[in-house]
Amino acid sequence: MENRAILREWFDRVDSDKTGGITAIQLKSAFAVGNLHFPTSVVQQMIRMYDFDKNGSMSFEEFAELNKFLLKVQQAFSDMERGRGFLVPDEVYKALVKLEFSLDSPAFYTVCESFDQMRCGKFRLDDFISLCIFVQSSRNLFNSFDTSKQGRVTLDLNQFIYCTANCRI
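This report concerns the structure included in the present document. Because the structure is predicted, anything quoted here is derived from the model rather than measured.

**A closer look at the packing of aromatic side chains**
Applying the stated criterion across every chain, the model contains 11 aromatic pairs. With a centroid separation of 5.1 Å and 75 degrees between ring planes, the pair formed by Phe31 and Phe38 is classed as edge-to-face. This pair shows no difference in class: Phe31 is buried, exactly as Phe38 is. Consider the rings of Phe145 and Tyr162, whose centres lie 6.3 Å apart with planes at 70 degrees: the pair is edge-to-face. Taken together, the residues span a long stretch of sequence, with Phe145 in helix H7 (residues 125-145) and Tyr162 in helix H8 (residues 157-166) at a distance of 17 residues. Judged by its relative accessible area of 46%, Tyr162 is partly exposed. A connected cluster of aromatic rings, assembled from ring pairs, spans Trp10, Phe11, Phe60 and Phe63. In this arrangement the basic side chain of Arg8 is found over the ring face of Phe60, its NZ or CZ atom lying 4.5 Å from the centre. Above the face of the Phe86 ring, Arg84 is positioned so that its terminal group lies 4.8 Å from the ring centre.

**Observations concerning the state of the cysteines**
For the coordinates displayed, the defined rule picks out zero disulfides. This cysteine, Cys132, is not joined by any disulfide, and Cys112 carries the nearest cysteine sulfur, 10 Å off. Given a relative accessible area of 0%, Cys132 falls into the buried group.

**Examining unusual backbone geometry**
At Lys54, a residue that is not glycine, the phi angle is positive and equals roughly 55 degrees. Within the fold, Lys54 resides in the loop between helix H3 (40-50) and helix H4 (60-81). With a relative accessible area of 65%, Lys54 lands in the exposed category. For Lys149, which is not a glycine, the phi torsion comes out positive at approximately 55 degrees. Within the secondary structure, Lys149 sits in the loop between H7 and H8.

Cut-offs used in this document
- Residues numbered from 1 in each chain as written.
- Predicted model: local features only at pLDDT ≥ 70, side-chain atom pairs only at ≥ 80, totals over all residues.
- Heavy atoms only, no water.
- Phe/Tyr/Trp six-rings, centres within 6.5 Å; stacked < 30°, edge-to-face > 60°.
- Buried < 20%, exposed > 50% of the residue type's maximum accessible area, 1.4 Å probe, protein only.
- Helix = DSSP H or I, 4+ residues; strand = E, 2+ residues; numbered from the N terminus.
- Lys NZ or Arg CZ within 6 Å of the ring centre and 35° of its normal.
- Disulfide = S-S within 2.5 Å.

Shown next, in the form of structure tokens:
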């Protein structure tokens, strides 16, 4: 949804209790109407990624930022899927590169294994979005520790636990 008025209309319909914020349950239900089925944990992670005021729900402005990310992810998927409705791992890798995610082989294949829900080497759009949400969340968290912007961090056990808990999906 690129048009802001259409996006606002959609947001207002999803905000069924008219609080000005969308909860994870409301967002998950709205995605399901669009035939995108995410575990609640993935939808909660989407909200955490863009919940700038940390109130646990998503305002319209926060939702607009999530929508920008999702549009980029959907475009990368569409560029690679060739009408089949899924990507194979090599195409997932190329789509991630288009999204400026650079993972080495061990990291890439571990992430693929984690998000291949059917264990068949085929990633539907919702699988790919879930994978991208995880990678972007991980990048955001990594960057918060990489204050010198050198691409490396040193974590103690408490920091590591903090990171893994924040990237849970």
